[in-house]
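Structural characterization, general
For reference, the chains in residue letters:
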Amino acid sequence: MLIHLYLQIKGAENYPFYTYLTLLLITMISTVGKTGQWKTLPPLELPTVNNNISQKLHNDCETITLASRDYGNIVHELPAAVFHPSSTHDIVSLIKSSYDSPVVPYRIAVRGQGHSTRGQAMTRGGVVVDMAKFRTQRRNNGVVITSVSDEDPLINGYYADVGGEQLWIHVLHTTLEHGLAPVSWTDYLYLTVGGTLSNAGISGQSFRYGPQISNVHEMDVVTGKGDLVTCSSRKNSELFHAVLGGLGQFGVIARVRIALEPAPKRVKWVRVLYSDFSAFTKDQERLISINGRKQSSALDFLEGMLLMHKDSISNWRSSFFPQSDHSKIASLITKHGGIVYCLELAKYYDDQSQETVDKEIQFLLQGLAYIPGFHYEKNVSYVEFLNRVRSGELRLQQQGLWDVPHPWLNLFIPKSQILNFDSGVFKDIIHKRNITNGIVLVYPMNRSKWDDRMSASIPDEDVFYTVGFLHSSGFDNWEEYDAQNREILEFCSAAGMKVKQYLPNHRTQEDWKTHFGTKWGSFLERKLKFDPRMILSPGQKIFA
Ligand code: FAD
């Protein structure tokens, strides 16, 4: 009560860290009794909530605290309650109860794993649906695999029906038991299926297989009216396309049918270094031009990153280069004005292709303009490759460095602008500010692998780059990174670059209109159709 009163008085949009701490303190004082145990506040009085739902609403301090933070650790919004569903039907009931409310409906935010960076899975004063809790309640293991579908010629092969609350790592392990796997991934697998599909789900496989949203056959979605609808590109297709890349605005993804293919066993993983950005991007573009899904000569993975100082040679996401070469690479970075570009590629193989994989990689590397002598290779299992970020995460967690602020900025940049971006951002803004000590990813994708009917907004060129500034900061200096992010965005805007934010964070509806461009009209229409009372995903701040 105290908190809500305080917030009403303050009218704060989100809370600076110290205000947030004060609020938490008030919550703790009011919820920890003389026994020192967490106490549950009296049941919430949400209008039209039935008994079955109210039993699953929690507002103890610990639960509220968890739902008011995310990986970004910058925005903190206190919900009124957190919902622990044990079935899709519970989610239907919760949304229906809000939709049917005779007074103002309460907002509902689905929290996948809370790995957003700007409060996208939060709601101030509304209800957070905790999908991690849902995962623990699932009766089956949340992933059901079906082999060749005779009924549906469009699905020629295998697929998995996966709960939207499931983690990709679980999907990987379960499908591998059948010798199968999805083809499109994210770099990090402890994200939820519903969470990444609400954005796009990109990684080094996207140039060839498209983002994860391009590899979905069908979904069950609970709309903002509380209707449970099965949709695909042929059945309720408007909802299907709206939800994929739809930032959680149109419905809760309850089940997803994902395309599977036979899983490879091992991976040849290569990194080569460049001093010249133009040569680096030319080679990346050449390699992603070979991109047929069935084309055996194509790479399976292509990314790239900046190396700017000795810390970036072995960062938390992957320690790849042999220790003995670290000083050699550090000298190279110094020699080239503090910046070197690393192209990263991979080719999968198994018992049958073991003999040929080296030749295929050699063939692909022929004629590339990387610096001779800076060619590194690893040979790892498929799981080790896909799960490469996890060991770094566990290390950071042990050191207490995982839960720091993450002022990330992720952009999609049209190919025609990438050289300007290098000179204006990498070599100027970043260089001058000299605070970027984390990971900066740079790699291209093919627009043809994306489906324009889906909500995800991407640049209007055949090839576009993703650039990810994946900063970690202290609690006292994240604003410096934010200022840098703003300067980068202002630079792009002044140069007329038409970049799009990935995992977008916009504050005004004008900015959202610009973000969606020609898609804004249909985005709005779909919102009015599937979530007319604007209940879902308020943390995105699109219709707030
Ligand atoms: P949340 O952050 O909990 O939710 C994100 C949004 O989706 C919210 O608006 C939420 O309300 C909505 N949502 C969640 N579940 C559902 C559902 N079932 N139905 C409808 N809406 C839902 N992204 C990439 O594309 N590629 C990467 O390589 C990549 N690497 C990452 C590495 C790390 C370490 C981290 C922290 C993030 C990374 N991401 C990457 C970003 C990631 O895709 C987003 O954080 C995304 O939001 C998924 O996280 P989540 O499952 O925790 O979802």
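A brief look at the structure comes next. (Residues numbered from 1 in each chain as written. Predicted model: local features only at pLDDT ≥ 70, side-chain atom pairs only at ≥ 80, totals over all residues. Heavy atoms only, no water.)

Re the nonpolar core
- Membership of the largest hydrophobic core comes to 127 residues, with the highest contact counts inside it found for Met219, Phe421, Phe426, Trp450, Phe469 and Ile488.
- With seven residues, strand S13 (residues 340–349) is the largest single contributor of residues to this core.
- In this structure, this core is formed jointly by two domains, domain 2 (143–263 + 527–540) and domain 3 (266–502), each of which donates at least three residues.
- With residues up to four places along the chain from it excluded, the contact list for methionine 219 reads Val229, Thr230, Cys231, Phe240, Val243, Leu244, Ile253, Arg255 and Val256.
- One finds Leu57, Phe83, Val129 and Phe134 within the second-largest nonpolar core, a separate group that totals 18 residues. (Core = buried A, V, L, I, M, F, W, Y, C linked by side-chain atoms within 4.5 Å. Buried < 20%, exposed > 50% of the residue type's maximum accessible area, 1.4 Å probe, protein only. Helix = DSSP H or I, 4+ residues; strand = E, 2+ residues; numbered from the N terminus. Domains from an automatic or database assignment. Contact = heavy atoms within 4.5 Å.)

Regarding the site of the ligand
- Taken together, the neighbourhood of the ligand is formed by 34 residues, with Val110, Gly112, Ser116, Thr192 and Tyr502 sitting nearest.
- Measuring from a nitrogen atom of the ligand, one finds a side-chain N or O atom of serine 198 at 3.3 Å.
- The separation between an oxygen atom of the ligand and a polar side-chain atom of serine 537 is 3.1 Å.
- For the ligand, whose free accessible area comes to 940 Å², the fraction covered by protein is 97%.
- Counting only elements with at least two residues in the shell around the ligand, the list comes to strand S3 (108–111), helix H8 (193–197) and strand S10 (251–262).
- Classifying every residue of the shell around the ligand by side-chain character gives 14 nonpolar, 18 polar and two charged. (Near = heavy atom within 4 Å. Polar contact = N/O pair within 3.5 Å; in protein donor to acceptor, adjacent residues only side chain to side chain. Areas by Shrake-Rupley, 256 points an atom, 1.4 Å probe, with all protein chains shown as cover. Nonpolar A, V, L, I, M, F, W, Y, C, P; charged D, E, K, R; others polar.)

Topic: the pattern of salt bridges
- Within the structure shown, the criterion is met by 30 salt bridges.
- The salt bridge involving glutamate 77 is made with lysine 541; its shortest N-O contact spans 2.9 Å. Highlighted residues: glutamate 77 in the loop between helix H4 (61–67) and strand S2 (81–83) and lysine 541 in the segment after helix H20 (520–530), separated in sequence by 464 residues.
- Accessibility expressed as a relative area gives 3% for glutamate 77, which makes it buried.
- When the shortest N-O distance is used, the salt bridge between glutamate 393 and arginine 390 registers 2.8 Å. Within this pair, glutamate 393 and its partner arginine 390 are both found in helix H16 (residues 390–398), separated by three residues, close to a single helical turn.
- Classification of glutamate 393 as buried rests on a relative accessible area of 3%. (Salt bridge = Lys/Arg side-chain N within 4 Å of Asp/Glu carboxyl O.)

By themselves, these are just geometric observations and shouldn't be taken as functional.
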